[in-house]
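So you can see what is in the structure, the chains are spelled out below.
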Amino acid sequence: VESYTVPKKMISLTKKISTPSMGGEKGGKYRPNPVVVSAEAEALSHSSTTMKLTPSYDLFQMLPDEEGGIIPGITQGNALRDGTDLKVGTPDTLEGLQIKDYISGDKKIGKLPDPFKMVEKELKPFSDSISELVSTDQPVLSMAAKHFFEKKQGKKFRPTIVQLVAKAVAAAVPEQSLENGKPAVNGESDLEAHDVATMKSSGWEWAGASDTEGRVTPDNHMGSETWRRQAQLGQIVEMIHVASLIHDDVLDEADTRRGGEAVHKMYSNKVAVLAGDYLLARASVLLARLENTAVVQIMATALESLVAGEIMQLKSPPESLLEVESYLRKSYYKTASLICYASRSTALLGGHAYGSTVATACEEFGYHLGLAFQIQDDILDFTAAESVLGKPALADMDLGLSTAPILYAAQEAPHLRPLVMRRFKEKGDKETALEALYASDTAMQKAKDLSMFHAQRAVDALLRLPQSDARDALIRITHTCVTRKK
């Protein structure tokens, strides 16, 4: 794919620029890169027109500036990050919102729309319909595959995000509809006509939008074919997520999940593995039926990322276990990748091109939200009781994993570093690490600050979209991610 010039107005100014790097040394620090597919095999699978996706951590900032965070260079996937043209004539009452003002300040998050109530009716038949989608003639396999869906508990976090993103992007005019330097509706644009033509002819990064048979708007979105496909993507995402949980529980030899018995404990390892495989197979079939090859490739990459995360968790070199950056990469692969790729795919199904400001904002939101969610999850592993979490407390340490709180404690207490590198395998290692963590005045706060950094970046990405109830509900769900107690 030939390079192209992005309109200057559409590029957010950055303080520091670096070229995306896929691994190796960077600034003298170890940068792990779990290889699932070799570079040679990857090259063979591409043509001049296929999408060449860059991992989100090479598109968007991973660490705060004060921790040596670097703003990745401009490339396909992160170039268009100025929402000014999307919001012409539509003032935003939340412009410049700081999430901390709703946590430690005097602003009330309850004034923003409730994300779960907003999509409650749409998701009400979710469990029944997804159970039907995964039905099989094999009774044991069918029961195992349906196990989580029929419990009818939980907030359906990922499908809720997909539904809300679908509504939010319906409020934005697709940028590929710009003609002669002007948007199709709502006033003037500062883009030059040749810039629009350049973007339209720039290759795969300005492709990928589903044919929506006319522009999708908040008024015609509900019940449309676009809405149906986006809703089905929400089901696909949940199938992939549940399959990963079933497989993870087998690998981790976990006894419980979501407050109940793990699938492999109810049946057997073989049945659990087959149930997870079956869910992934069904998800793949349903994904193909969305009839958008770009979305298929993006979501297939999400699947590959889940595997990469598991490999990274099992096989990381000892020295990488001390790096917060390595921990965040693993968290991206295992948690954030599915959320951010689903968010970008939802925008594509809504008629927005891959490289558009809207689709980029959606992936950036999902990337930061996923990391904020995982960091908070890891904090709760040390602060919440097992009965509240629905899974064993301190489970990560039992698996030899070090998460943000322990990594920050190890920065202060050098005697913890050998323990982290040997994955707490010797007697007394876990107790020593916990003592150091609880004795630290800053470690837990640094972990919370890291979660807040990503939550704010998620909000910043959302604020590039036109204001709508759905967008504001996504801001509220971001707040929920970093303030939840379970």
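About the cut-offs
Residues numbered from 1 in each chain as written. Predicted model: local features only at pLDDT ≥ 70, side-chain atom pairs only at ≥ 80, totals over all residues. Heavy atoms only, no water. Helix = DSSP H or I, 4+ residues; strand = E, 2+ residues; numbered from the N terminus. Buried < 20%, exposed > 50% of the residue type's maximum accessible area, 1.4 Å probe, protein only. Areas by Shrake-Rupley, 256 points an atom, 1.4 Å probe, with all protein chains shown as cover. Salt bridge = Lys/Arg side-chain N within 4 Å of Asp/Glu carboxyl O. Phe/Tyr/Trp six-rings, centres within 6.5 Å; stacked < 30°, edge-to-face > 60°. Contact = heavy atoms within 4.5 Å. Core = buried A, V, L, I, M, F, W, Y, C linked by side-chain atoms within 4.5 Å. Expected span 1.5 Å × (residues − 1). Polar contact = N/O pair within 3.5 Å; in protein donor to acceptor, adjacent residues only side chain to side chain. Axes fitted to C-alpha atoms, helices over the stretch in contact; angles between N-to-C directions. Parallel < 35°, antiparallel > 145°, perpendicular 65-115°, else oblique. Left-handed = near helix turned anticlockwise from the far one by under 90°.

Enquirer: Explain the overall build of the protein chain to me, and be specific about the residues and the numbers.
Expert: For the protein chain, the helix and strand inventory stands at 20 helices and 4 strands. Counting all 486 residues of the protein chain, 56% fall into the buried class. Of the roughly 21100 Å² that the protein chain leaves accessible, carbon and sulfur atoms contribute 53%.

Enquirer: Kindly report on the pattern of salt bridges, identifying the contributing residues and their values.
Expert: Side chains that differ in sign of charge can pair as their charged atoms come close. What the rule picks out here adds up to 18 salt bridges. With its nearest N and O atoms 3.1 Å apart, the salt bridge here joins Glu95 to Lys87. Look at Glu95 and you get exposed, because its relative accessible area is 55%. One salt bridge connects Glu310 with Lys334, and the closest N-O pair in it is separated by 2.7 Å. Linking Glu310 in helix H11 (residues 293–315) with Lys334 in helix H12 (residues 324–349), this pair joins segments that are 24 residues apart in sequence. Glu310 gets classed as buried once you look at its relative accessible area, which sits at 9%. With relative accessibility at 22%, the residue Lys334 sits in the partly exposed group. Taken together, the shared-partner salt bridges in this structure form one network comprising Lys87, Asp92, Glu95, Arg471 and Asp472.

Enquirer: Talk me through the packing of aromatic side chains; I want residue IDs and the actual numbers.
Expert: Overall, the coordinates contain 6 aromatic pairs when judged by the stated rule. Ring centres of Tyr57 and Tyr333 lie 5.8 Å apart, and the angle between their planes is 80°; on these two criteria the pair is classed as edge-to-face. Separated by 276 residues along the polypeptide, Tyr57 in the loop between helix H1 (39–44) and helix H2 (115–118) and Tyr333 in helix H12 bring together distant segments of the chain. Since its relative accessible area comes to 4%, Tyr57 is described here as buried. The buried category is assigned to Tyr333, whose relative accessible area is 6%. Between the aromatic rings of Phe157 and Phe373, the centroid separation amounts to 4.8 Å while the plane-to-plane angle is 20°, which identifies the pairing as stacked. You can see Phe157 sitting in helix H6 (residues 157–170) and its partner Phe373 sitting in helix H13 (residues 357–383), a full 216 residues away along the chain. An aromatic cluster is defined as three or more aromatic residues linked by ring pairs; in this entry it consists of Tyr57, Phe60, Tyr332, Tyr333 and Tyr367.

Enquirer: Residue-level account of the environment of Leu437, with values.
Expert: Among the secondary structure elements, Leu437 is positioned in helix H18 (residues 429–439). Note on Leu437: relative accessible area 3%, which makes it buried. With 25 residues separating them along the chain, Leu437 and Glu412 place their C-alpha atoms 9.5 Å apart. The contacts of Leu437, once residues within four sequence positions are left out, are Phe382, Pro405, Ile406, Ala409, Ala443 and Met444.

Enquirer: Before we move on, could you go through the side chain of Ser337 and cite the residues and values that matter?
Expert: With respect to the element layout, Ser337 can be found in helix H12. Once residues lying within four places of it in the same chain are set aside, the contact partners of Ser337 are Ala302, Ser305 and Tyr332.

Enquirer: How would you sum up the nonpolar core? Please name residues and give values.
Expert: Grouped together as the largest cluster of nonpolar side chains are 111 residues, with contacts concentrated most on Met299, Leu328, Tyr332 and Phe365. If one sorts the elements of this core by residue count, H12 sits on top with 14 residues. What Tyr332 contacts, discounting residues up to four positions off in sequence, is Pro55, Ser56, Tyr57, Ser337, Cys340, Tyr341, Tyr367 and Leu371.

Enquirer: Any chance you could break down H11 for me, citing the residues and the numbers?
Expert: In this model H11 runs 32 Å from its N-terminal to its C-terminal C-alpha over 23 residues, within 8% of the 33 Å that 1.5 Å per residue would give. One side-chain oxygen at the N-terminal end of H11 lies 3.0 Å from the backbone nitrogen of Ala294; it belongs to Asn292.

Enquirer: Explain unusual backbone geometry residue by residue, including any values.
Expert: Most peptide bonds take the trans configuration, and most residues that are not glycine carry a negative phi. Even without a glycine there, the phi angle at Glu213 is positive, about 55°. Along the chain, Glu213 turns up in the loop between helix H7 (193–200) and helix H8 (225–252). Given the relative accessible area of 75%, Glu213 is considered exposed.

Enquirer: Outline the packing of helix H10 (residues 269–288) against H11, supporting the account with residue identities and numerical values.
Expert: When two helices pack together, you describe them by how their axes are tilted relative to each other and by the distance separating the axes. Two elements in contact, H10 and H11, have axes separated by 10 Å at closest approach and are oriented at 160°. It follows that H10 is roughly antiparallel to H11 by the angle criterion. Considering only the axes of H10 and H11, their crossing is right-handed. Counted together, Leu280, Leu287 and Ala288 of H10 and Val295, Val296, Met299 and Leu303 of H11 form the full contact between these two elements.

Functional significance is not addressed by these values, which are geometric in nature.
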